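# Analysis of the macromolecular model
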There are 2 protein chains.
Amino acid sequence: MASNIYTIIMAGGIGSRFWPQSRVAKPKQFIDILGTGSSLMQMTWERAARFSTDDQIMVLTNNQYKDLVAAHLPAIQPQNILTEPARNNTGPCIAYAAFRLYQQDPEAVMIILPSDHLILKEEGYTEKIRTAVDFVRNHDALVTLGIQPTRPDTGYGYIQFGADGPGRSSGNEKVLPVISFKEKPDLATAQAYLTSKAYLWNAGIFIWKTKDVIKGFKNYAPALYDLFLEGMPYYNTPEETAFIETNYGRSPHISIDYALMEKADNVFTVPADIGWSDLGTWASLWDVKEKDDKQNVLIQKENIHLSNTENCIISRDGQKLTVVDGLKDYIIVDQEDVLLIYPKGKEQEIKQVIKNLEQDDANRYL
Amino acid sequence: MASNIYTIIMAGGIGSRFWPQSRVAKPKQFIDILGTGSSLMQMTWERAARFSTDDQIMVLTNNQYKDLVAAHLPAIQPQNILTEPARNNTGPCIAYAAFRLYQQDPEAVMIILPSDHLILKEEGYTEKIRTAVDFVRNHDALVTLGIQPTRPDTGYGYIQFGADGPGRSSGNEKVLPVISFKEKPDLATAQAYLTSKAYLWNAGIFIWKTKDVIKGFKNYAPALYDLFLEGMPYYNTPEETAFIETNYGRSPHISIDYALMEKADNVFTVPADIGWSDLGTWASLWDVKEKDDKQNVLIQKENIHLSNTENCIISRDGQKLTVVDGLKDYIIVDQEDVLLIYPKGKEQEIKQVIKNLEQDDANRYL
């Protein structure tokens, strides 16, 4: 695609719901969680490379993961690994990337991708991103990809879209105006959203011109705007790191949705049926992976012997012989230092298990 | 006790029903399967040392385990580790030990102990063995310890005993004549045995004078008698090993019960309530071990977090954090190269799992 499209990969998360495979020291995005031979981060890079050249792909991550990013992405330029000194959610993170990129190229188009999601339909995905890029080139618009819901999921935020708007009036009916963002709903509400066909899942994939998002920060998130504007003399200079180290921690702790998307009046969505999963939980991984004839998902297939076992997901460090009989709807994760055998339906309780450990132990296994 | 009491520890078994903790390369008797800090072999040695001096304790094992025996028993004399070149069951093994011991001390009393059993009531055990030793000193008798049944177990052979006999007539009512040996019964028969109070479990613990058992072989097992009599010039000389290596494989493959005990007319038993288990299976280990308030047996207690989990037995290589929810009546064995999650009630199927592996794999994990 055209030369001023930059992709920002957000890679600061710790993937705690994927414990014990995902750990603070090596979170989900750095793991070959699908058993394909590539980490989620590497798969995200491959997707970014469809839109941006290697030098136009940036990764925003935590200081702690800088070396992991470099190890997983041999083609990344060292100066394109940006580190957040603090975990202040997506608002400050995206504001930093936007101002820095604006300093470099005021006409830049930005694509923002989470580093730890799954996209099964790569062609559809590419087409939808291109649609969004074409749209934002010609409009002062903030676009979020909207995922076609396939079930009444209560774990995602929803996007309510309208049938008309500049997208349609411009002849581009693939881009629709956003009426409102909805917090994670209860099951009845989620079911109503699904039935109405007027709602999409909010996947945290954004497309806009850099100057448009900066205008958005100015109008709706002045604290972020003021803070990162201060850095303009330093971005892309040797003083950038010192500025960020000194000032980033002063930013409010706020999501991009709350800081900007829910307030702005120029938000659009591109509905996308792209086989997306945020892989937020073991059950969501089970949902998207190939299953055996008993509906078991085996992340590594070798050396697993199951009998009377159904609807389970099994993931191991290595090739250990694994013999299981009689389990239904279980998560089995066998790591060098942790063995987890837990009902799939109760996986939200796994976090609590860690909290219940003595503090020293909890830190050891996080 | 007196100086001519020799203890022979039988340690050639491979403990296959305790897989995957017990392996061919390191069977059950060499494992701290109870989590006490001692292997079953070491605990058996401690019991043998109540009757015999260190130089009077011998271990009969497979060639393959010679080094393991030496490592587990620092006090054993090297010439007292006797190796069988072939696994031909207990008949030849005991005949070899008897002839060799007869060459050394024709008046010797022999105690034969399996190396991989559990005895919880050590004092009662010592008393019963002493009763048997006192009895065989004064009688040409083959004595087997008879375990008081506590349940209608279908996994053991049974001993039918009579109320009268030389034991009683000699004033020693603790020694009773054996009427017959019974193969492993079905459940109804086992229940009838239990109710009748006229049956005991056959534990494979034998006491006799060496010369009496040799006479028994002469009368009832002439093939064993002839074979091991041939070796008389070589036992306890540098030529013993060559004789055994050359000839042992010619012996019939036969148990001591079938070769001798079921045929002889001078067999007695000492009923013993000694907290015995052959630890033949994971369920039998569960039976005898201390349980938590949900009836779980944790072989190592550290770092295990259970919820909604009952009647399970959990054994691990190390101190790995183990998190389990919702399992009832399961065996969980986590080894470096094998993870087993299997219903306790189906453990007899575990052997089949190994057989179902491809041959190369089966050999790797046996």
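Every value quoted in this text rests on a predicted model; they were computed, and no experiment measured them. (Residues numbered from 1 in each chain as written. Chains lettered and ligands numbered in written order. Predicted model: local features only at pLDDT ≥ 70, side-chain atom pairs only at ≥ 80, totals over all residues. Heavy atoms only, no water.)

Let us look at the overall build of chain A. Across its full length, chain A carries 13 helices and 17 strands. Summarising its shape, the C-alpha atoms of chain A cover approximately 60 × 50 × 35 Å along the three principal directions. A sequence separation of at least 24 residues applies to 66% of the contacts in chain A between residues at least 6 apart. Where the 37 positive side-chain charges of chain A centre and where its 47 negative ones centre are 3 Å apart. (Helix = DSSP H or I, 4+ residues; strand = E, 2+ residues; numbered from the N terminus. Contact = heavy atoms within 4.5 Å. Lys, Arg positive; Asp, Glu negative; His and termini not counted. Charge placed at Lys NZ, Arg CZ, Asp CG, Glu CD.)

We now examine a positive patch on the surface. A cluster of basic residues, Arg-17, Lys-184, Lys-351 and Lys-355 of chain A, forms a positive patch on the protein surface. Locating Lys-184 of chain A in the fold gives a position in the loop between β8 (176–182) and α6 (187–196). (Patch = residues over 30% accessible without salt bridge, like charges linked within 9 Å, V, L, I, M, F, W, Y side chains within 5 Å. Areas by Shrake-Rupley, 256 points an atom, 1.4 Å probe, with all protein chains shown as cover. Salt bridge = Lys/Arg side-chain N within 4 Å of Asp/Glu carboxyl O.)

Least-squares fitting of chain B to chain A yields an RMSD of 0.1 Å, with the superposition described by an axial translation of 0.0 Å and a rotation of 179°. As the rotation angle and translation indicate, the two copies are arranged about a two-fold axis. Both copies share a contact surface, since 100% of the interface residues of chain B are interface residues in chain A too. (Least-squares fit on C-alpha atoms with pLDDT ≥ 70 in both.)

This part takes up the side chain of Thr-61 of chain A. Within the secondary structure, Thr-61 of chain A is located in strand β2 (residues 57–62). Sequence-distant contacts of Thr-61 of chain A, that is, excluding residues within four places in its chain, are made with Ala-11, Gly-12, Lys-66, Val-69, Ile-81, Leu-82, Thr-83 and Glu-84 of chain A.

Here we come to helix α4 (residues 122–138) of chain A. Three- or four-residue spacings in an α-helix give side chains the same orientation, since the helix completes a turn every 3.6 residues. Taking 1.5 Å as the rise per residue, α4 of chain A with 17 residues should run 24 Å; its terminal C-alpha atoms sit 25 Å apart, in good agreement. Listed as buried for α4 of chain A are Tyr-125, Thr-126, Lys-128, Ile-129, Thr-131, Ala-132, Val-133, Phe-135 and Val-136 of chain A. (Expected span 1.5 Å × (residues − 1). Buried < 20%, exposed > 50% of the residue type's maximum accessible area, 1.4 Å probe, protein only.)

Looking at the element boundaries, Gln-335 of chain A is found in the loop between β16 (330–334) and β17 (338–343). Apart from the residues within four sequence positions on either side, Gln-335 of chain A is in contact with Pro-20, Gln-21, Arg-23 and Asp-317 of chain A together with Lys-320 of chain B.

For the rest of this paragraph, the subject is the packing of aromatic side chains. Residue and element names in this part refer to chain A. The tally for this structure, following the rule as stated, stands at 34 aromatic pairs over all chains. Summarising the aromatic geometry, the rings of Tyr-235 and Phe-243 are spaced 6.1 Å apart at their centres and angled 85° between planes, so their arrangement reads as edge-to-face. Sitting over the ring of Trp-286, Lys-291 keeps its end group 4.6 Å from the ring centre. (Phe/Tyr/Trp six-rings, centres within 6.5 Å; stacked < 30°, edge-to-face > 60°. Lys NZ or Arg CZ within 6 Å of the ring centre and 35° of its normal.)

Looking now at the pattern of salt bridges. Side chains bearing opposite charge may pair, as long as their charged atoms lie close to each other. Residues and elements named next belong to chain A. Per the stated rule, a full pass over the model turns up 31 salt bridges over all chains. Of the charged contacts in the structure, one is a salt bridge between Glu-230 and Arg-250, with a shortest N-O distance of 3.5 Å. Linking Glu-230 in the loop between α8 (222–229) and α9 (240–247) with Arg-250 in the loop between α9 and α10 (256–261), this pair joins segments that are 20 residues apart in sequence. With relative accessibility at 40%, the residue Glu-230 sits in the partly exposed group.

Time to look at a negative patch on the surface. Residues Asp-317 and Glu-336 of chain A together with Asp-317 and Glu-336 of chain B make up a contiguous surface patch of negative charge. By the secondary structure assignment, Asp-317 of chain A is in the loop between β14 (313–316) and β15 (321–325).

This part covers the interface of chain B and chain A. Each side of the interface is counted separately: chain B has 32 residues, and chain A has 32 residues. Taking both partners together, chain B and chain A bury about 2,400 Å²; carbon and sulfur atoms supply 58% of that area. When the buried surface of chain B facing chain A is broken down by residue, Leu-321, Val-323 and Leu-339 of chain B rank first, second and third, together holding 27% of it. The salt bridge involving Asp-325 of chain A is made with Lys-346 of chain B; its shortest N-O contact spans 2.8 Å. Taken together, chain B and chain A are joined by 20 residue pairs in polar contact (both at pLDDT 80 or more). For the side of chain B that touches chain A, the element with the highest residue contribution is strand β17 (residues 338–343) of chain B, accounting for six residues. Looking at the side of chain B that touches chain A residue by residue, the classes come out as 16 nonpolar, eight polar and eight charged. Bridge count for β17 of chain A against strand β15 (residues 321–325) of chain B is four bridges, and the pairing is parallel. Pairing of Val-338 of chain A across the sheet is with Leu-321 of chain B, part of β15 of chain B. (Buried area = accessible area lost by both parts, 1.4 Å probe. Polar contact = N/O pair within 3.5 Å; in protein donor to acceptor, adjacent residues only side chain to side chain. Nonpolar A, V, L, I, M, F, W, Y, C, P; charged D, E, K, R; others polar. Pairing = 2+ DSSP bridges.)

With respect to topology, six strands assemble into an open sheet ordered β13(A)-β15(A)-β17(B)-β16(B)-β14(B)-β12(B), the strand pairing being mixed. Pairing within the sheet leaves two strands with one partner each, and these edge strands are β13 (304–307) of chain A together with β12 (297–298) of chain B. Of the pairings in the sheet, the one linking strand β14 (residues 313–316) of chain B to strand β16 (residues 330–334) of chain B comprises four bridges and is parallel in character. Looking at the pairing, Ile-313 of chain B lines up with Ile-331 of chain B of β16 of chain B.

Quick look at unusual backbone geometry now. Of note, the bond from Trp-19 of chain A into Pro-20 of chain A is cis; its omega dihedral lies within 30 degrees of zero at 5°. Within the secondary structure, Pro-20 of chain A is located in the loop between β1 (5–11) and α1 (40–48). In this structure, Asn-89 of chain B takes a positive phi of about 75° despite not being glycine. With respect to the helices and strands, Asn-89 of chain B occurs in the loop between β3 (81–84) and α3 (90–104). Here Asn-89 of chain B falls in the partly exposed class, since its relative accessible area comes to 36%. A positive phi angle, near 65°, is found at Gln-295 of chain B, a position not held by glycine. Of note, Gln-295 of chain B is situated in the loop between α11 (282–288) and β12.

Our focus in this paragraph is the sheet that holds β14 of chain A. The six strands lie next to each other as β12(A)-β14(A)-β16(A)-β17(A)-β15(B)-β13(B), forming an open sheet whose pairing is mixed. Strands at the two margins of the open sheet, each flanked by one partner only, are β12 (297–298) of chain A together with β13 (304–307) of chain B. Inspection of the sheet shows β16 of chain A paired to β17 of chain A by five bridges, in the antiparallel sense. Across the sheet, Ile-331 of chain A pairs through a bridge with Tyr-342 of chain A, a residue of β17 of chain A.

Moving on: the nonpolar core. All names here are of chain A. Core analysis: the biggest nonpolar cluster contains 47 residues, and Met-110, Trp-208, Val-213, Phe-217, Phe-228 and Met-261 have the highest contact counts within it. Broken down by element, the residue count for this core peaks at eight residues, all from helix α3 (residues 90–104). Apart from residues no more than four positions distant in its own chain, Phe-228 is found in contact with Pro-92, Ala-95, Tyr-96, Phe-99, Tyr-235, Ile-244, Tyr-248 and Ser-251. (Core = buried A, V, L, I, M, F, W, Y, C linked by side-chain atoms within 4.5 Å.)

Let us now look at α8 of chain A. Taken together, the buried positions of α8 of chain A are Leu-224, Tyr-225, Leu-227 and Phe-228 of chain A. Contacts from the buried residues of α8 of chain A go to α3, α7 (210–220), α9 and α10 of chain A.

The next thing to look at is the packing of α3 of chain A against α7 of chain A. Residues and elements named next belong to chain A. At a closest axis distance of 9 Å, the pairing of α3 and α7 adopts a crossing angle of 130°. The orientation of α3 with respect to α7, classified from their angle, is oblique. Seen from above, α3 lies across α7 with left-handed handedness. Residues Gly-91, Ile-94, Ala-95, Ala-98, Phe-99, Leu-101 and Tyr-102 of α3 touch α7, and the partners they reach there are Thr-210, Lys-211, Val-213, Ile-214 and Phe-217. The class makeup of the residues in the contact of α3 with α7 is nine nonpolar, two polar and one charged. (Axes fitted to C-alpha atoms, helices over the stretch in contact; angles between N-to-C directions. Parallel < 35°, antiparallel > 145°, perpendicular 65-115°, else oblique. Left-handed = near helix turned anticlockwise from the far one by under 90°.)

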